[in-house]
Amino acid sequence: MSVLETTPPQPADGSARSLWSSVREALKGSHQDYTTGSLNRSILLLAIPMVLEMVLESLFAVVDVFWVGRLGANAVATVGLTESLLALVFAIGLGLALSTTAMVARRIGEKDPEDASIAGVQAVVLGLAISLAMGIPAGIYAPQLLHLMGASPAIVAEGSGYARIALGGCGAIILLFLNNAIFRGAGDAAIAMRLLWVSNIINLILDPCLIFGIGPFPHLGVTGAALATFTGRSIGVLYQFYRLLKGSERIRVLIRHVRINVGVMLRLLRVSLTGMLQFAIANASWIFLVRIVSIFGSDSVAGYTVAIRIVVFFVLPSWGLSNAAATLVGQNLGARRPDRAAEAVWRTGFYNMLFLGSIGIFFIIFATPVVKLFVIDPAVIPIAAVALRTFACGNIGYAYGMVMLQAFNGAGDTLTPTIVNFFGFWVLELPLAWVLAVNLHLHAEGGFLAIVIAECSMAVAGIILFRQGRWKKQII
């Protein structure tokens, strides 16, 4: 038994009551200090709402592809190509979000909620500026961007409206990430979860209505999917601002905090730039990967898109566990308890492996029936099934890799994951994908296989670097 947990054994029925009590507390919002007490309970209280938050975030992807899959391969390919372009937006949003979580968590661990609120405000200011700088030109030139991604004239004609809304409204994505990063860093994971409930309920209702023109809604086709998602996310962002201003026990933004603090902003930007580069390297590699897959036709792109969306539905909850580890690392380093931070990471990685490993076995066995829930095109189904089965073979690697790299981010060490991503994606994955798909004539399957090999290699690298312990000395 860990020295961090000295609670005496309880009877089975008492343990069950304690577990359900913790689950209820996690969903309601916990007041526990995550730098003391039972580490397993701290992981549970943070992980439950963070996992559910990511489940809800993944619904954005799955709901879209479920309904869009009824419109044909061109519509699904539109979503896939646009999502590849949005990968850069996600890179910036996630990069800024991870540094925000790290800084807020560190201040909360130091028992300094005032500076935590100031850091959150600076993050929002940066997010607003970046959203305007990216969203306006991306929305204007969306058709040209689709063409650059290898879209056929038919896809450009059908998907330009979708791409304009999805790319032009990227600010909703960035701010949704950022505001929830503030809550996660503060340990208010239940609030972040409830915020995504609001966004997803709206998206779930609007998606079929706007795609198929149900009732008084216009029939917008694939464009309706983008409008539904943008509307849900935007309302979620407004609710986030309301909760930040209303405040909680852990963090509250007051009028005196709403100002530019150059020192804090520069520190946040310094960590964020490396974080943005970290995710830009990863997400840009997906752009080139889908470009390789597009060589083999729209059916291959559609199959890849469906499989990735299904995988994302389960990988994002695993990111919830990783985010819990990042918060625990940040807060415990702030409280000068690095050993507790390290133990939290190892335990979270093990739990994540159990979860994703089980999902991987299920997908290997039932790939085709699962794919048929999302697409009806007989040319796309076998490609998507092969992709899903291949991706599932790397689930254990994904599980440990994401926890290890998020632990570095939670400590404020965004450089180490950036280096790992560069070698894993650009030096290994992309050249390997080209060799397997084109030179060895494995076609799209070669690209799928390259993803698994690269991700597992990065997991091994992350474990080795984490064991070295330099992250414990990071100052933010």
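Here's a quick rundown of the structure. (Residues numbered from 1 in each chain as written. Predicted model: local features only at pLDDT ≥ 70, side-chain atom pairs only at ≥ 80, totals over all residues. Heavy atoms only, no water.)

This model, assessed by the stated rule, comprises 14 aromatic pairs. An angle of 80° between the planes, with centres 5.4 Å apart, marks the rings of Trp346 and Phe466 as edge-to-face. Note that Trp346 is positioned in helix H12 (residues 338–372) and Phe466 in helix H16 (residues 444–468), a separation of 120 residues in sequence. Under the relative-accessibility criterion, Trp346 is labelled partly exposed at 25%. Using a relative accessible area of 3% as the deciding quantity, one classes Phe466 as buried. (Phe/Tyr/Trp six-rings, centres within 6.5 Å; stacked < 30°, edge-to-face > 60°. Helix = DSSP H or I, 4+ residues; strand = E, 2+ residues; numbered from the N terminus. Buried < 20%, exposed > 50% of the residue type's maximum accessible area, 1.4 Å probe, protein only.)

To continue, consider the environment of Leu126. Checked against the element boundaries, Leu126 lands in helix H4 (residues 113–140). Residues Leu126 and Phe374, spaced 248 residues apart in sequence, show a C-alpha to C-alpha distance of 37 Å. Among all residues touching Leu126, those that are not within four sequence positions of it are Leu96, Met265, Leu268 and Leu269. (Contact = heavy atoms within 4.5 Å.)

What follows covers helix H11 (residues 298–334). If you check H11, its first and last C-alpha atoms are 50 Å apart, about what 37 residues at 1.5 Å a residue would give, namely 54 Å. Phe313 marks where H11 bends most, by close to 30°; the proline Pro317 follows one to four residues later. Most of H11 is tucked away: 31 of the 37 residues are buried. Just past H11, the residue Arg336 takes up positive phi, approximately 60°. (Expected span 1.5 Å × (residues − 1). Bend = angle between axes of the 7 residues up to and from the residue.)

Another aspect to go through is the environment of Val79. When you line up the elements, Val79 lands in helix H3 (residues 73–109). Residue Val79 is classed as buried on the basis of its relative accessible area, which comes to 1%. Once the C-alpha coordinates of Val79 and Val222 are considered, the two residues, 143 residues apart in sequence, prove to be 8.2 Å apart. Beyond its immediate chain neighbours, meaning those up to four positions away, Val79 contacts Val68, Tyr162, Val222 and Arg309.

Mapped onto the elements of the fold, Ser42 is located in helix H2 (residues 39–68). Those residues within four positions of Ser42 in sequence are excluded, and the remaining contacts are Gln32, Tyr34, Thr36, Leu328 and Arg340.

By the definition in use, this model includes four salt bridges. Of the charged contacts, one joins Arg107 and Glu110 as a salt bridge, the two residues approaching to 2.9 Å between their closest N and O atoms. In this structure, the salt-bridge partner of Arg347 is Glu343, at a minimum N-O distance of 2.8 Å. With a gap of four residues between them, Arg347 and Glu343 both fall in helix H12, about one helical turn apart. Among the residues examined, Glu343 registers a relative accessible area of 27% and is labelled partly exposed. (Salt bridge = Lys/Arg side-chain N within 4 Å of Asp/Glu carboxyl O.)

Distances and angles like these do not, on their own, reveal function.
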